[in-house]
Amino acid sequence: MTDLLPVVVVHGGAGFVPKERMELSISGVCAAVRTGYAILKGGGSSMDAVVEAVSQMENNPAFNAGCGSVLNIKGEVEMDAIVMDGKTLASGAVSAVRNIANPIQLARLVMDKTSHAYLTAEGANQFARSMGIEEVPQESLITEYSRMRWRKNLAPDANPVECQMGKAGTVGAVAVDLEGNLACATSTGGMLNKMEGRVGDTPIIGSGGYADNQSGAVSTTGHGETIMKITLARLILFHMEQGRSVEDASDLGLACMQSRLGGLGGVVTVDPQGHWAARFSSNYMSWAAAQRDIVHYGQYSGEHFTQSIN
């Protein structure tokens, strides 16, 4: 074991965030990373840490996940989430789920309590009921901000680029625990004004996230349709398997997505030794990491602040 362990890194989504929402986003990722780190320092597993960190961001209306999710074309919330365990390669995912406060916890139950890796829509909701997960009214997941963006984007003269601006981001986390086990978790409300039933990269294994004790763990954010086409999380781990550093591998994956498809996004990445990176090709991504009792965080390219965990 190295003295770099344990470590947890989270993101609050890549893309455009209006100035007035930036502070909410950065304070949200810092709070989530502290929660995940406390679990790791207490001897908890990387899976417990990433699920708890992401649950906290799902409960924060500043992010496009859980109670801050964007709305589909009908003005409804449909959410996607994935978890993956690097030790066993076990994975659980859900997509197009409704009326669930914490889809990431449902994804973990799919991994732990079924022989499947992925449940969708009504089937996922039925499974949630069978597990005793309380359904919440859809209204409780819809913020005034999400409704305002939805209305604006329905206008016939809405600009498609402007449409995706102002969307808070997908949330995700990666971690390595004291035993050297890796995990990832990613959760999202998807894309603003998406078609009903649209599923992006988040719940797709190898796209929205991947974890393998032998190579590393990645959680992604950005334009889902392009992330899926290059299986971004797995592509980054491929580069790490070829001997690239976490930073280089992350940059190579994002550069490929941009050059081949014009897609922008961001990632948080860790390797089994505890080296980590938060990299993005978009203008902005809120991120935070905790390691050796120091919190690291930033939002813009090249930005890197630190503070003591205490």
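Remember, predicted model here, so these are calculated numbers, not experimental data. (Residues numbered from 1 in each chain as written. Predicted model: local features only at pLDDT ≥ 70, side-chain atom pairs only at ≥ 80, totals over all residues. Heavy atoms only, no water.)

At the junction of leucine 5 and proline 6, the peptide bond is cis and its omega measures out at 0° in the coordinates. With respect to the element layout, proline 6 can be found in the segment before β1 (7-14). In this structure, alanine 96 takes a positive phi of about 55° despite not being glycine. Residue alanine 96 is classed as buried on the basis of its relative accessible area of 8%. Unlike most non-glycine residues, aspartate 293 shows phi in positive territory, near 65°. Its place among the elements puts aspartate 293 in the loop between β11 (284-291) and β12 (294-300). (Helix = DSSP H or I, 4+ residues; strand = E, 2+ residues; numbered from the N terminus. Buried < 20%, exposed > 50% of the residue type's maximum accessible area, 1.4 Å probe, protein only.)

Moving on: the UniProt feature "active site" (unreviewed entry) in the chain. Within this numbering scheme, the UniProt entry marks Thr170 as carrying the feature "active site" (unreviewed entry). With respect to the helices and strands, threonine 170 occurs in the loop between α6 (160-164) and β5 (171-176). (UniProt positions renumbered as here; feature names shortened; annotations may be inferred.)

Moving on, we come to the sheet that holds strand β10 (residues 276-280). Taking strand neighbours across the sheet as the criterion, the 4 strands line up as β7-β8-β9-β10 in an open arrangement whose pairing is antiparallel. A single partner strand is all that each edge strand has here, and the edge strands are β7 (209-212) and β10. Strand-to-strand twist across the sheet, computed as the mean angle between neighbouring axes with direction ignored, equals 10°. Direction of pairing for strand β8 (residues 216-222) relative to strand β9 (residues 265-270): antiparallel, over a ladder of 6 bridges. Each bridged residue has a counterpart across the sheet, and for threonine 220 the counterpart in β9 is valine 267. Contacting β7, β8 and β9, helix α8 (residues 232-241) runs over the sheet at an angle of about 140° to β8. Against the sheet, helix α9 (residues 246-261) engages β9 and β10, with an angle of about 25° to β10. (Pairing = 2+ DSSP bridges. Axes fitted to C-alpha atoms, helices over the stretch in contact; angles between N-to-C directions. Contact = heavy atoms within 4.5 Å.)

Where helix α3 (residues 103-113) meets helix α4 (residues 121-130), the closest approach of the two axes is 11 Å, and the angle between their N-to-C directions is 80°. Between α3 and α4, the angle falls in the class roughly perpendicular. Residue-level contacts link Leu106, Leu109, Val110 and Lys113 of α3 to Ala124, Phe127 and Ala128 of α4. Looking at the contact of α3 with α4, its residues break down into 6 nonpolar, no polar and 1 charged. (Parallel < 35°, antiparallel > 145°, perpendicular 65-115°, else oblique. Nonpolar A, V, L, I, M, F, W, Y, C, P; charged D, E, K, R; others polar.)

Let us now look at the UniProt feature "binding site: substrate" (unreviewed entry) in the chain. Within this structure's numbering, the places UniProt gives as "binding site: substrate" (unreviewed entry) are Arg198, Val199, Gly200, Asp201, Thr221, Gly222, His223 and Gly224. For aspartate 201, the location among the structural elements is in the loop between β6 (182-188) and β7. With sequence-adjacent residues up to four places away left out, aspartate 201 is seen in contact with Ser207, Gly208, Thr220, Gly222, Gly224, Ile227 and Met228. Position of glycine 222 relative to the elements: it lies in strand β8.

A few words now on the packing of aromatic side chains. Overall, the coordinates contain 3 aromatic pairs when judged by the stated rule. Look at tryptophan 276 and tryptophan 287: their rings are 5.7 Å apart centre to centre, the planes differ by 45°, and that puts the pair in the tilted class. Residue tryptophan 276 is found in strand β10, and its partner tryptophan 287 is found in strand β11; the two are separated by 11 residues along the sequence. Residue class for tryptophan 276 comes out buried when judged on its relative accessible area of 16%. Judged by relative accessible area, which is 4%, tryptophan 287 ranks as buried. Where tyrosine 284 meets tyrosine 300, the ring centres are 5.7 Å apart and the plane angle is 75°; that geometry is what we call edge-to-face. Here the residue tyrosine 284 occupies a position in strand β11, and tyrosine 300 occupies one in strand β12, the gap between them amounting to 16 residues. Among the residues examined, tyrosine 284 registers a relative accessible area of 2% and is labelled buried. Stacked on the ring of tyrosine 145, the Lys or Arg arginine 21 has its end atom at 3.7 Å from the ring centre. Here arginine 234 stacks its cationic end above the ring of tyrosine 210, 5.2 Å away from the centre of that ring. (Phe/Tyr/Trp six-rings, centres within 6.5 Å; stacked < 30°, edge-to-face > 60°. Lys NZ or Arg CZ within 6 Å of the ring centre and 35° of its normal.)

One finds Val8, Val10, Val50, Met57 and Val83 to be the most contacted residues of the largest nonpolar core, which totals 51 residues. Excluding its chain neighbours within four sequence positions, the residues that come into contact with valine 50 are Ala173, Val174, Ala175, Ala183, Cys184 and Ala185. Among the nonpolar cores identified, the runner-up in size contains 35 residues, and Leu5, Leu182, Leu254 and Ala277 belong to it. (Core = buried A, V, L, I, M, F, W, Y, C linked by side-chain atoms within 4.5 Å.)

So, on to the layout of surface pockets. If a probe the size of a water molecule is rolled over the atoms, the empty space left behind becomes visible. Size it by volume and the second largest pocket reaches roughly 270 Å³. Forming the boundary of the second largest pocket are 15 residues, of which Glu247, Ala278, Arg279, Phe280 and Gly302 lie nearest the centre. The set of elements that each furnish at least two residues to the lining of the second largest pocket consists of α9 and β10. In terms of residue count, the dominant contributor to the lining of the second largest pocket is β10 (5 residues). Per-class residue counts for the lining of the second largest pocket are 7 nonpolar, 4 polar and 4 charged. (1 Å grid on protein atoms, 1.4 Å probe; cavity = no way out; pocket = protein on both sides within 12 Å on 5 of 7 lines; lining within 4 Å. Points joined across faces, edges and corners; volume = space filled by probe spheres on them.)

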